[in-house]
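Listed below are the residues making up each chain.
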Amino acid sequence: MSLDLMELLPADWRQRLDPLLDPVATAALGAFVAGEYDGQTVYPPREDLFNAFRHCPFDRARVLILGQDPYHGPGQAHGLSFSVRDGVRLPPSLRNIYKEMASDLEIPPAVSGDLTPWADQGVLLLNAVLTVRGGDAGSHAGKGWEDFTDAAIRALNDKTDRVVFVLWGAYARKKARLVTGPQHTVIESAHPSPLSAKKFFGTRPFSAVNKALVDAGQPEIDWRLA
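Everything numeric in this text was worked out from a predicted model, so none of it was measured. (Residues numbered from 1 in each chain as written. Predicted model: local features only at pLDDT ≥ 70, side-chain atom pairs only at ≥ 80, totals over all residues. Heavy atoms only, no water.)

Focus: the overall build of the protein
Here's step 1: Along its length, the protein carries ten helices and six strands.
Here's step 2: The C-alpha atoms of the protein give 17 Å as radius of gyration, which agrees with the globular expectation for 226 residues (17 Å, within 12%).
Here's step 3: Scored against the burial criterion, the 226 residues of the protein give a buried share of 53%.
Here's step 4: Counting only contacts in the protein whose residues sit at least 6 apart along the sequence, the fraction spanning at least 24 positions is 68%.
Here's step 5: Total accessible area computed for the protein in this model is approximately 10300 Å², and 51% of it derives from carbon and sulfur atoms.
Here's step 6: Positive and negative charge centroids in the protein, built from 24 and 27 side chains respectively, lie 6 Å apart. (Helix = DSSP H or I, 4+ residues; strand = E, 2+ residues; numbered from the N terminus. Rg over C-alpha atoms; globule rule 2.2 N^0.38 Å. Buried < 20%, exposed > 50% of the residue type's maximum accessible area, 1.4 Å probe, protein only. Contact = heavy atoms within 4.5 Å. Areas by Shrake-Rupley, 256 points an atom, 1.4 Å probe, with all protein chains shown as cover. Lys, Arg positive; Asp, Glu negative; His and termini not counted. Charge placed at Lys NZ, Arg CZ, Asp CG, Glu CD.)

Put into structure tokens, the structure is as follows:
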């Protein structure tokens, strides 16, 4: 049993990613992911796998916030980087993101950890690796997701309109090499994890994103959440 990942991907993204992917490698990734879902506890749930692409159509994508891999605890991951469903306790990195947002934009920290309203405004909340075994962080790294999500970054790089790439932490910052279009903006800093939050605080990424968008004639992101 295998998952046809390209068939599951929304049509607009499939059209852009298909020329950038090796079909043999993508099929192998689909077989691996299907086997993991069938035999292990895997997050996010299968139906949420491509939520980032579903909520942020290609033509509307104007910001990328790149995570590493999904949360590996029960009920947390739902297919959007750094996001958890409404009612789920905020993970430490997300709490720090909210603290920085409050400092940067004077927005009170949200109670909900669901970042879907950002995605619906054109923020692609993408993890570099889209699945993980429960309780085993990084367990699906090196299985082929990286090539898949690199293709998404390359597709965004091919857009003629500005895209703002937000890369937090050493892992995400390595992806800056994929952004070659002079029309784009890359915002890099330390990761919001408690391990590096002291270097993350004060970087003001949210106002920087909005300035880059406005400078390119695009509307700002409304970062406020419930």
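Comments concerning unusual backbone geometry
Residues other than glycine predominantly adopt negative phi, and peptide bonds predominantly adopt the trans conformation.
Here's step 1: Cis geometry is found at the peptide bond from Tyr 43 to Pro 44, where omega equals -5 degrees.
Here's step 2: Here the phi dihedral of Phe 82 falls at roughly 70 degrees; this positive angle occurs in a residue that is not glycine.
Here's step 3: The topology assignment puts Phe 82 in the loop between β2 (63-67) and α5 (92-105).
Here's step 4: Of the residues examined, Phe 82 reaches a relative accessible area of 9% and is grouped as buried.
Here's step 5: The backbone of Arg 204 sits at a positive phi, close to 55 degrees, despite the residue not being glycine.
Here's step 6: Relative to the elements of secondary structure, Arg 204 occurs in the loop between α9 (197-200) and α10 (205-215).

A word on the side chain of His 184
Here's step 1: Structurally, the position occupied by His 184 is in the loop between α8 (169-173) and β6 (185-189).
Here's step 2: At 2.9 Å, the side chain of His 184 forms a polar contact with the backbone oxygen of Asn 157.
Here's step 3: When residues no more than four places from it in sequence are discounted, the contact partners of His 184 are Leu 156, Asn 157, Lys 159, Asp 161, Arg 162, Val 163, Phe 165 and Val 179. (Polar contact = N/O pair within 3.5 Å; in protein donor to acceptor, adjacent residues only side chain to side chain.)

Description of the pattern of salt bridges
Here's step 1: Per the counting criterion, the structure on display carries ten salt bridges.
Here's step 2: When the shortest N-O distance is used, the salt bridge between Lys 175 and Asp 150 registers 2.8 Å. Taken together, the residues span a long stretch of sequence, with Lys 175 in the loop between α8 and β6 and Asp 150 in helix α7 (residues 145-157) at a distance of 25 residues. The same class applies to Lys 175 as to Asp 150, namely buried.
Here's step 3: Close ionic contact of Lys 211 with Asp 215 constitutes a salt bridge, the shortest N to O distance being 2.7 Å. Taken together, the residues Lys 211 and Asp 215, both in helix α10 and four residues apart, mark about one turn of the helix.
Here's step 4: We classify Asp 215 as exposed; its relative accessible area is 52%.
Here's step 5: Residues participating in the shared-partner salt-bridge network are Asp 150, Lys 175 and Arg 177. (Salt bridge = Lys/Arg side-chain N within 4 Å of Asp/Glu carboxyl O.)

Comments concerning the UniProt feature "active site" (unreviewed entry) in the protein
Here's step 1: The sites that UniProt annotates as "active site" (unreviewed entry) are Asp 69.
Here's step 2: Take Asp 69: it is sitting in the loop between β2 and α5.
Here's step 3: What makes Asp 69 partly exposed here is its relative accessible area of 21%.
Here's step 4: Ignoring anything within four residues of it in the chain, the contact list for Asp 69 reads Asn 127, Val 129, Val 132, Ala 137, Gly 138 and Ser 139.
Here's step 5: Polar contacts involving the side chain of Asp 69 include one to the main-chain amide nitrogen of Gly 138, which spans 2.7 Å. (UniProt positions renumbered as here; feature names shortened; annotations may be inferred.)

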